[in-house]
Amino acid sequence: MFDRLSSLVAALTLVAIAVIFAALAGGDALSIIILALAGIIGTAIVYNALPSVLPEPKGPAPAEAPPVSLIRHPDFALWVDQEEEPLIGVAGNVVTIANDAAVRLLGRHIVGADIRTAIRHPAATEWLARIGEGAALDTLNLFDFPRPGQRWTMRVATLSGSDRIIFLSDRSAIDAADRMRSDFVANASHELRTPLAAVLGYVETLQDMNGEADGPTRHRFLSIIAREAGRMQQLVIDLLSISRVEADRFRRPTTPVDLAAIVRHTVAGLRDSEDKRPNDIVTKLPEDPQPMLGDEAQLGQLVHNVVSNAMKYGRAGTPVTVELVREGRRVRLSVSDEGDGIAPDHLPRLTERFYRVDEARSRSVGGTGLGLAIVKHISERHQGQLDIDSEVGKGTKVSVTFPIADVGRTAA
Ligand code: ADP
């Protein structure tokens with residue numbers, strides 16, 4: 001609190017005050033002299049004992065400690081390497097650390113390089129220059145980075161001094177999903193617009209004829225209207241199915257079902273509704289149940305879509321064979337037809353929504369282009385494996401294998 005000199009002055013002042021009070025209180029001269037001497041000698045002893053410079057408190061004052069660099073801290077290196085997205089630590093403009101994801105994206109050479117050259121994108125270069133000016137920066141979109149059609153975002157966290165962390169994030173998958181969604185809406189609208197235009201056109205023609213159309217003409221027009229309305233109805237049914245199946249995608253089915261019974265029941269329904277070739281469906285099903293955990297309605301729809309495709313695209317008079325075979329802990333459903341088959345180029349795309357090999361053919365047989373997309377989703381939800389084998393000019397075999405349920409455990 002006091003330095004050495006002011007402590008001395010303060011002590012002598014106290015001695016003087018004590019002497020004055022003693023004199024005023026009527027003390028004898030000897031006592032006052034002894035008091036004054038004792039005070040002065042005591043003060044001198046203490047003054048002597050004090051170091052000439054009082055020691056500073058030990059350790060640096062917290063406020064004055066030099067800042068510890070976060071990006072050079074060993075824990076920072078541990079953390080960044082656990083991050084899946086690219087992270088870069090920058091001091092000034094120099095990259096001091098880059099995690100594995102950043103190295104994979106930008107190359108190993110970026111450590112030690114200037115950040116403005118490490119991320120080669122014009123918008124990034126301009127943005128990074130503005131960091132130095134202390135401007136507040138929003139997240140930046142890097143279009144066509146690192147390859148055309150891709151999009152990444154970039155943002156910065158500013159630390160003490162000129163240290164910064166740069167975060168890069170891949171948004172390409174989100175963009176692709178957005179594109180798929182808008183393509184889907186556009187395709188669905190297009191699919192509905194075509195039959196709707198036909199319905200409106202024929203209704204208008206009948207109205208213009210003012211009841212003067214002869215019987216056969218009216219019958220023909222009304223049949224076309226009914227067919228096109230039916231096409232729209234089927235499309236709406238398939239659209240609702242696909243959205244329901246997609247909504248259930250991550251909910252594993254928990255109900256024990258018998259796949260053999262589902263196949264038998266669905267095939268019987270198809271035979272009943274098939275007016276042209278009901279006898280072409282041949283089944284090879286085991287007698288005993290094939291237990292699995294499933295959604296009965298969805299599995300019925302899967303069987304229906306695959307068998308009706310074989311009926312639509314197989315040659316009339318040739319068999320459509322529906323078979324169930326146990327393969328260890330799995331059961332394989334396969335549906336084979338004898339038809340034109342599918343060229344190998346098309347096979348990987350068949351389960352895309354609205355993908356058709358021959359659009360006119362699909363429309364003429366009442367296809368919506370959604371059947372196999374629905375099959376794929378139902379199969380995935382049931383942990384199924386979907387395979388399509390085809391030979392042009394010979395025919396197609398679509399098969400799905402499902403895991404068999406442990407009957408004892410399911411029943412419990
Ligand atoms: P669609 O309603 O048009 O039949 P799908 O999604 O069920 O739609 O099938 C997609 C396309 O795959 C069909 O348009 C057709 O070109 C082809 N395809 C599906 N199954 C068969 C098959 N069994 N034989 C030949 N081509 C098929």
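As the structure is a prediction and not an experimental result, all values here were calculated from the model. Along every chain, residues carry numbers that run from 1 in the direction the sequence is written. Local features in a predicted model are, by the rule used here, given only for residues with pLDDT of at least 70; side-chain atom pairs are given and counted only at 80 or more, and totals for whole chains, interfaces and linings are based on all residues. In computing side-chain properties, one takes all heavy atoms of the structure into account and sets aside hydrogens as well as water.

### Remarks on the overall build of the protein
Rule in force here: By definition, any uninterrupted DSSP run of H or I lasting at least four residues is a helix, any uninterrupted run of E lasting at least two residues is a strand, and each is numbered from the N terminus. In this description the radius of gyration comes from C-alpha coordinates, and the expected globular size is given by 2.2 Å times residues to the power 0.38. Burial status follows relative accessibility: with a 1.4 Å probe on protein chains alone, a residue under 20% of its type maximum counts as buried, one over 50% as exposed, and anything between as partly exposed. When checking whether two residues touch, look at their non-hydrogen atoms; a contact exists if any pair is within 4.5 Å. Counted charges follow a simple rule, with Lys and Arg positive, Asp and Glu negative, and His plus the chain ends left uncounted. Working definition for charges: the position is that of NZ of Lys, CZ of Arg, CG of Asp or CD of Glu.
Along the backbone of the protein there are 13 helices and 12 strands. In terms of C-alpha radius of gyration, the protein reaches 43 Å, well past the compact-globule figure of 22 Å for 412 residues. Its C-alpha atoms put the protein at 150 × 60 × 50 Å along the principal axes. For the protein, with 412 residues in total, the buried portion stands at 35%. In the protein, the share of contacts with a sequence separation of at least 24, taken over all contacts with a separation of at least 6, comes to 59%. Charge-centre separation for the protein: the mean point of 45 positive side chains lies 3 Å from the mean point of 52 negative side chains.

### Side note on helix 12 (residues 371-381)
Burial runs high along helix 12: nine of the 11 residues are buried. On its buried face, helix 12 is in contact with helix 8 (215-247), helix 10 (296-313), strand 11 (385-391) and strand 12 (395-403). Residue Gln383 follows helix 12 closely and has a positive phi angle near 55 degrees.

### Some words on the sheet that holds strand 5 (residues 163-170)
Worth spelling out the cut-off: Any two strands with at least two DSSP bridges between them are considered paired. Axis definition: a line fit to C-alpha positions, over the contact stretch in the case of helices; interaxial angles, taken between N-to-C directions, run 0 to 180 degrees.
Here five strands make up an open sheet; going across it, the order is 2-1-5-4-3 and the pairing antiparallel. A strand with exactly one partner marks an edge of an open sheet, and here the two such strands are strand 2 (94-98) and strand 3 (140-143). Direction aside, neighbouring strands of the sheet carry axes that sit 30 degrees apart on average. Helix 3 (residues 74-82) contacts strand 1 (87-91), strand 2 and strand 5 of the sheet and is inclined by roughly 70 degrees relative to strand 2.

### Describing the site of the ligand
Test applied: When at least one non-hydrogen atom of a residue lies within 4 Å of a molecule or strand, that residue is treated as near it. By the criterion applied in these results, polar contacts are pairs of N or O atoms within 3.5 Å in which, for protein atoms, one can donate a hydrogen and the other can accept it, and in which residues neighboring in sequence qualify only through two side-chain atoms. Here the open area of atoms and residues is found with the Shrake-Rupley method and a 1.4 Å probe, where only the protein chains shown may cover a residue.
Residues in contact with the ligand amount to 19 residues; listed here are only the nearest, Tyr313, Ser362, Thr368, Gly369 and Leu372. At a separation of 3.2 Å, an oxygen atom of the ligand approaches a polar backbone atom of Gly371. Here the ligand loses 95% of its free accessible area of 520 Å² to cover by the protein chains. Looking at the shell around the ligand element by element, the count peaks at four residues for helix 10.

### Focus: the pairing of strand 2
Both strand 1 and strand 2 contribute to a ladder of four bridges, which runs antiparallel. By the bridge assignment for strand 2, Ala91 is matched with Val94. Connecting the antiparallel pair strand 1 and strand 2 is a turn made up of two residues, with Gly92 showing a positive phi of about 65 degrees.

### Focus on the sheet that holds strand 7 (residues 281-284)
The mixed open sheet is built from five strands, whose spatial order is 7-9-10-12-11. What marks the edges here is a single partner per strand, and that holds for strand 7 and strand 11. Along the sheet, successive strands turn relative to each other by an average axial angle of 15 degrees, direction set aside. Pairing analysis gives seven bridges linking strand 9 (residues 320-327) to strand 10 (residues 330-337), with the strands arranged antiparallel. Along strand 10, the bridge assignment pairs Arg326 with Val331. With respect to the sheet, helix 12 is in contact with strand 11 and strand 12, its orientation differing from that of strand 11 by roughly 145 degrees.

### Structural notes on helix 7 (residues 172-208)
As a reminder of what qualifies: Working rule for helices: expected span equals 1.5 Å times residues minus one.
Taking 1.5 Å per residue as the helical rise, helix 7 with its 37 residues ought to reach 54 Å, and the 53 Å between its terminal C-alpha atoms agrees with that figure. Listed in full, the buried residues belonging to helix 7 are Ser172, Asp175, Phe184, Ala188, Glu191, Pro195, Val199 and Leu206. Of the surrounding elements, those touching the buried residues of helix 7 are strand 4 (151-158), strand 5, helix 8 and helix 11 (359-364). Once helix 7 ends, the next one or two residues include Asn210, with phi positive near 50 degrees.

### Overview of the domain arrangement of the protein
Let me state the cut-off plainly: Where each domain starts and ends follows an automatic or database-derived domain assignment.
Split by domain assignment, the protein resolves into domain 1 (4-49), domain 2 (70-170), domain 3 (175-245) and domain 4 (251-411). A straight line from the C-alpha centre of domain 2 to that of domain 3 covers 52 Å.

### Observations concerning the packing of aromatic side chains
As a reminder, the rule being used: Each aromatic pair joins two rings of Phe, Tyr and Trp (for Trp, the six-membered one) with centres within 6.5 Å, and gets the label stacked for planes under 30 degrees apart, edge-to-face for over 60, and tilted for any other angle. For a ring to carry a charge above it, either NZ of a lysine or CZ of an arginine must fall within 6 Å of the ring centroid while also lying within 35 degrees of the normal to the ring plane.
For the structure shown, the criterion picks out four aromatic pairs. Between Tyr202 and Phe221 the ring centres are 5.0 Å apart and the planes differ by 65 degrees, which places this aromatic pair in the edge-to-face class. One end of the pair, Tyr202, is in helix 7; the other, Phe221, is in helix 8, with 19 residues separating them in the sequence. Owing to a relative accessible area of 9%, Phe221 belongs among the buried residues under this scheme. The ring of Phe167 carries Arg155 above its face, with NZ or CZ at 4.2 Å from the centroid. Lying across the ring of Phe184, Arg353 places its NZ or CZ 4.2 Å from the centre.

### Thoughts on the nonpolar core
General note: in soluble globular proteins, nonpolar side chains tend to be found buried as a group. Selection rule: Definition used in this section: a nonpolar core is a set of buried Ala, Val, Leu, Ile, Met, Phe, Trp, Tyr and Cys residues joined via side-chain atoms within 4.5 Å.
Ranked by internal contacts, the top residues of the largest apolar core, which has 44 residues, are Val263, Leu302, Val307, Val322, Leu370 and Phe402. At seven residues, helix 10 tops the list of elements feeding residues into this core. Counting the residues that make up this core, at least three belong to each of domain 3 (175-245) and domain 4 (251-411). Membership of the second largest hydrophobic core comes to 23 residues, among which are Leu106, Ala118, Ile119 and Met154.

### Notes on the pattern of salt bridges
Formally: Note on definitions: salt bridges are taken to be side-chain nitrogens of Lys or Arg within 4 Å of carboxyl oxygens of Asp or Glu.
All chains considered together, the criterion is met by 18 salt bridges. Between Arg363 and Glu191 there is a salt bridge, with its nearest N and O atoms 3.0 Å apart. One end of the pair, Arg363, is in helix 11; the other, Glu191, is in helix 7, and 172 residues separate them in sequence. Residue Arg363 shares its accessibility class with Glu191, and that shared class is buried. With a shortest N-O distance of 2.5 Å, Arg363 and Glu359 are connected by a salt bridge. Remark: Glu359 and Arg363 occur in helix 11; sequence separation between them is four residues, near one turn of the helix. Bridged by salt links that share partners, the residues Glu191, Arg356, Glu359 and Arg363 form one connected network.

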